[in-house]
Amino acid sequence: MQKVGWDEVSAGTILDSFSQEVDNSALVRPEDRPYADTNSYTASVADWRVLKPVYNRDICIDCQNCWVFCPDTSIISRDKKMIGIDYDHCKGCGVCVEVCPTNPKSLLMFAEQDDNEEALSQWPEKKKKGE
Amino acid sequence: MSKTIKNLKQFSTANERFEGAHLLCPGCAHSMIVRELMNCTEDNLVLSTNTGCLEVSTAVYPYTSWDSSWIHIGFENAATAVAGAEAMYNAKKRKGTLPNPDAPVKFVAFGGDGSTYDIGFQWLSGAVERGHDFTYICLDNEVYANTGGQRSSSTPIGASTTTSPAGRVSYGEKKMKKDIVGIMGAHGAPYVAQVAPNKWKDMVKKLQKSLETEGPCFINAMSACTTEWKFDPKDTISVSDVAVDSLVFPLYEIIDGKELNITYRPKNILPVRDYLGIQGRFKHLFKPENQHVIEQWQKDVDARWEYLQRREEARV
Ligand code: SF4
Ligand code: SF4
């Protein structure tokens, strides 16, 4: 997208969410939307992260606690299933890990540069009561 | 028409209308609240936002994070802007010039506590008094977080802010938090409520009720602020849990300015000390010379809870 200087911006600016008319965005799934390049969906905040959440599908019970509390719309859920993390928009806050109720957790924080497969191979065992 | 949302699984099928890569801090409760609002209805939304964290972070040129019509104007004008849009919508409907007159539309304004309790209060009061059909949601983080953490009239006693700093001669903010829910209830608005995003079910129910209610509705939403309350971003939900369980943020609603209902009663009421102890802004209160402030806090919270219960019983 072409960026312009502060003194070239008109007073009062309209930013389009979509590049074509969308009748009611609540009825269109994100993957079917014609996002305009002025929609922050097309941008990334991945470089904010120091730690990243890694998701372990094998333990997840699809409770959607992580989905409802993620401040960055970065837990992707479809048809009542949690299907993964949107690493373009996740800021690595760690809220999803805190609210995940499984034992061991289905989401854990790892260093941003760690390999996800490797992280999954080091997943902790189930904790016993009082541990 | 509101959707029926019985559980989280069902809630999670909503098509998100608030996009990522906004620039709110990691762990910010503002976006949790906005997402819960935009995901609890499938109606078209016309939204406005006062100057504040939410506004500066979600419309950073050249990007918008909103998938619904949204306007930002002045610090004081979220209520006015949305009231104007609502009035125009009704006029066009009357004249038959709306392209899609049967599509359900809801009007919602967002403001922080700075713009709601202080700077935009007169405009909010006016819009509610005129009776526009809209919902005003205050994202209450008890501070001017966007401009560097100055106190607002929502800042509670004892909090250290950049304009009420704690130090050798002061224990921080000296004044009590303004009772905005009571004030809005006193307008006789048809629906006024206090919510917290961690209690999502209670919150969604109240948000849906405010959208369905005709006339002006007011929601005060607790928004735990990791930057100014000074806690780790991952703890937004646990701090919010302690806030409602210590009754620092009681959850209740007021209907037509009269009927008050408490909507959440904690099973184990936590001491206010637990709430203060997990936030850096209250750290200095734990010095021996400031113990009286903690005692005062507890007394105030107890008195407020007693008041709410009596109002609930009295139905007046
Ligand atoms: S770390 Fe934070 S931003 Fe990333 S997915 Fe989890 S809750 Fe969302
Ligand atoms: S909170 Fe944990 S168990 Fe629940 S859906 Fe998310 S990852 Fe799965």
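What counts, and where the lines are drawn
- Residues numbered from 1 in each chain as written.
- Chains lettered and ligands numbered in written order.
- Predicted model: local features only at pLDDT ≥ 70, side-chain atom pairs only at ≥ 80, totals over all residues.
- Heavy atoms only, no water.
- Buried < 20%, exposed > 50% of the residue type's maximum accessible area, 1.4 Å probe, protein only.
- Helix = DSSP H or I, 4+ residues; strand = E, 2+ residues; numbered from the N terminus.
- Contact = heavy atoms within 4.5 Å.
- Near = heavy atom within 4 Å.
- 1 Å grid on protein atoms, 1.4 Å probe; cavity = no way out; pocket = protein on both sides within 12 Å on 5 of 7 lines; lining within 4 Å.
- Sits in = over half its atoms within 2 Å of the grid points.
- Nonpolar A, V, L, I, M, F, W, Y, C, P; charged D, E, K, R; others polar.
- Pairing = 2+ DSSP bridges.
- Axes fitted to C-alpha atoms, helices over the stretch in contact; angles between N-to-C directions.
- Domains from an automatic or database assignment.
- Buried area = accessible area lost by both parts, 1.4 Å probe.
- Salt bridge = Lys/Arg side-chain N within 4 Å of Asp/Glu carboxyl O.
- Polar contact = N/O pair within 3.5 Å; in protein donor to acceptor, adjacent residues only side chain to side chain.

Draft legend 1. Structural context of helix H10 (residues 236-245) of chain B. For H10 of chain B, a buried count of 8 out of 10 residues is recorded, marking the element as mostly surrounded by other parts of the structure. Among the residues making up H10 of chain B, those that are buried are Thr236, Ile237, Val239, Ser240, Val242, Ala243, Val244 and Asp245 of chain B. For H10 of chain B, the secondary structure elements touched by its buried residues are helix H1 (65-69) and helix H2 (95-99) of chain A together with helix H2 (29-39), strand S6 (217-222), helix H9 (226-230) and helix H11 (272-277) of chain B. At the exit of H10 of chain B stands Leu247 of chain B, carrying a positive phi of roughly 65°.

Draft legend 2. Just the site of ligand 1, in detail. Residue and element names in this part refer to chain A. Surrounding ligand 1, one finds 13 residues, the nearest of these being Cys70, Cys90, Cys93, Gly94 and Cys96. Comparing atom positions with the cavity grids shows ligand 1 to sit within the second largest cavity. Its residues assigned to classes, the shell around ligand 1 comprises 8 nonpolar, 3 polar and 2 charged.

Draft legend 3. Highlighting the sheet that holds strand S5 (residues 191-195) of chain B. All names here are of chain B. An order of S2-S1-S3-S4-S6-S5-S7-S8 is seen for the 8 strands of this open sheet, with the pairing classed as mixed. Bordering the open sheet on either side are strand S2 (69-72) and strand S8 (259-262), each of which pairs with just one other strand. Within this sheet the neighbouring strands show an average axis-to-axis angle of 15°, counted without direction. Against the sheet, helix H12 (residues 291-314) touches strand S7 (252-255) and S8, its axis set at about 125° to S8.

Draft legend 4. Structural detail: unusual backbone geometry. Cis geometry marks the peptide bond from Asn103 of chain A to Pro104 of chain A; its omega dihedral reads -5°. With respect to the helices and strands, the residue Pro104 of chain A is situated in the loop between H2 and strand S4 (107-111). For the peptide bond that leads from Tyr61 of chain B to Pro62 of chain B, omega is 10°, which places it in the cis range. Looking at the secondary structure, you find Pro62 of chain B in the loop between helix H3 (53-58) and S2. Residue Thr73 of chain A is not a glycine yet carries a positive backbone phi of 50°. On the secondary structure map, Thr73 of chain A appears in the loop between H1 and strand S2 (75-78).

Draft legend 5. Representation of the domain arrangement of chain A. Residue and element names in this part refer to chain A. Assigned domains of chain A: these are domain 1 (9-43) and domain 2 (44-124). Computed from C-alpha atoms alone, the centre-to-centre distance between domain 1 and domain 2 is 26 Å. Listed by partner, the interface residues are 7 residues for domain 1 and 6 residues for domain 2. In total, domain 1 and domain 2 occlude about 430 Å² of area from one another, counting both sides; carbon and sulfur atoms represent 37% of this. The largest share of the area that domain 1 buries against domain 2 comes from Arg29, Tyr41 and Ala43, three residues that together contribute 76% of it. The interface formed by domain 1 and domain 2 includes 2 salt bridges. The salt bridge partner of Asp79 is Arg29, with a shortest N-O separation of 2.8 Å. There are 4 residue pairs in polar contact (both at pLDDT 80 or more) connecting domain 1 and domain 2. Across the side of domain 1 that touches domain 2, the residue classes break down as 3 nonpolar, 2 polar and 2 charged.

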